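# Reading the structure
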Amino acid sequence: MGMSAEIIAVGPFSKAVVAHLDYRPELYARAREGAIVTRRLFGISEGSALSRELAGLLGISDPWDFNQHKVRTENVDASALREWGSKYPDYSEDVEALLVLAGAGFEMHFRPEG
């Protein structure tokens, strides 16, 4: 079995990010500004090569180095990540969500499996 990967995003709720969260907007109607919410991104199951490619775009040189799993947004290559999203359109919405959420103060955590 190859490696799969996902990103777990954790950060403050705001109306500005509601369109990029996991659930329908109406489910966030009672969420207070600043309440901590999560979002799962990517869920790559195609295998190790694609998971490693994503890791590299996030500035992670070794997907199994747990010291690198907290994504440092300054290491994310946004333009290359967008290009990757156009190459793999199933993940293009997650690319935009990651960039919006990171800009809104969310922490991103890389999670490999396999």
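Residues numbered from 1 in each chain as written. Predicted model: local features only at pLDDT ≥ 70, side-chain atom pairs only at ≥ 80, totals over all residues. Heavy atoms only, no water.

For helix H3 (residues 92-103), with 12 residues, the first-to-last C-alpha span of 17 Å sits near the 16 Å given by 1.5 Å per residue. When H3 is considered as a whole, its buried residues turn out to be Asp-94, Val-95, Ala-97, Leu-98, Leu-99, Leu-101 and Ala-102. Looking at the buried side of H3, the elements it contacts are strand S1 (4-12), strand S2 (36-44), helix H2 (78-87) and strand S4 (107-113). Positive backbone phi, at 95 degrees, marks Gly-105, one or two positions downstream of H3. (Helix = DSSP H or I, 4+ residues; strand = E, 2+ residues; numbered from the N terminus. Expected span 1.5 Å × (residues − 1). Buried < 20%, exposed > 50% of the residue type's maximum accessible area, 1.4 Å probe, protein only. Contact = heavy atoms within 4.5 Å.)

Among the residues of H2, Leu-81, Trp-84 and Gly-85 are the ones counted as buried. All buried residues of H2 project into a common sector of 100 degrees when viewed along the axis, lining one side. Away from its buried face by more than 90 degrees, H2 exposes Ser-79, Glu-83, Ser-86 and Lys-87. Structurally, H2 contributes buried residues whose contacts are with S2, helix H1 (48-57) and H3. (Arc of directions from axis to C-beta.)

By size, the foremost hydrophobic cluster in this structure holds 32 residues, and its most contacted members are Ile-7, Phe-42, Leu-58, Leu-81, Trp-84, Leu-98 and Met-108. Every element with two or more residues in this core is listed here: S1, S2, H1, H2, H3 and S4. Element by element, the count of residues in this core is highest for H3, at 6 residues. When residues no more than four places from it in sequence are discounted, the contact partners of Met-108 are Ile-7, Ile-8, Ala-9, Leu-41, His-69, Lys-70, Val-71, Leu-98, Leu-101 and Ala-102. (Core = buried A, V, L, I, M, F, W, Y, C linked by side-chain atoms within 4.5 Å.)

Moving on to the packing of H2 against H3. Axis separation between H2 and H3 bottoms out at 8 Å; the angle between their running directions is 160 degrees. As far as their axial angle goes, H3 and H2 are roughly antiparallel. The handedness of the crossing between H2 and H3 comes out as left-handed. Where H2 approaches H3, its residues Ala-78, Leu-81, Arg-82, Trp-84 and Gly-85 are matched on the opposing element by Ser-92, Val-95, Glu-96, Leu-98 and Leu-99. Classifying every residue of the contact of H2 with H3 by side-chain character gives 6 nonpolar, 2 polar and 2 charged. (Axes fitted to C-alpha atoms, helices over the stretch in contact; angles between N-to-C directions. Parallel < 35°, antiparallel > 145°, perpendicular 65-115°, else oblique. Left-handed = near helix turned anticlockwise from the far one by under 90°. Nonpolar A, V, L, I, M, F, W, Y, C, P; charged D, E, K, R; others polar.)

Let us now look at the packing of H1 against H2. The contact between H1 and H2 brings their axes to 9 Å, and the two run at 155 degrees. Between H1 and H2, the crossing angle belongs to the class labelled roughly antiparallel. The handedness of the crossing between H1 and H2 comes out as left-handed. Across the interface between the two elements, Leu-50, Glu-53, Leu-54 and Leu-57 from H1 touch Ala-80, Leu-81, Trp-84 and Lys-87 from H2. Counted by class, the contact of H1 with H2 contains 6 nonpolar, no polar and 2 charged residues.

Moving on: the pairing of S1. As paired strands, S1 and S4 are joined by 7 bridges and run antiparallel to one another. Paired with Ser-4 across the bridge in S4 is Glu-113. (Pairing = 2+ DSSP bridges.)

That's the geometry; what it means functionally is another story.
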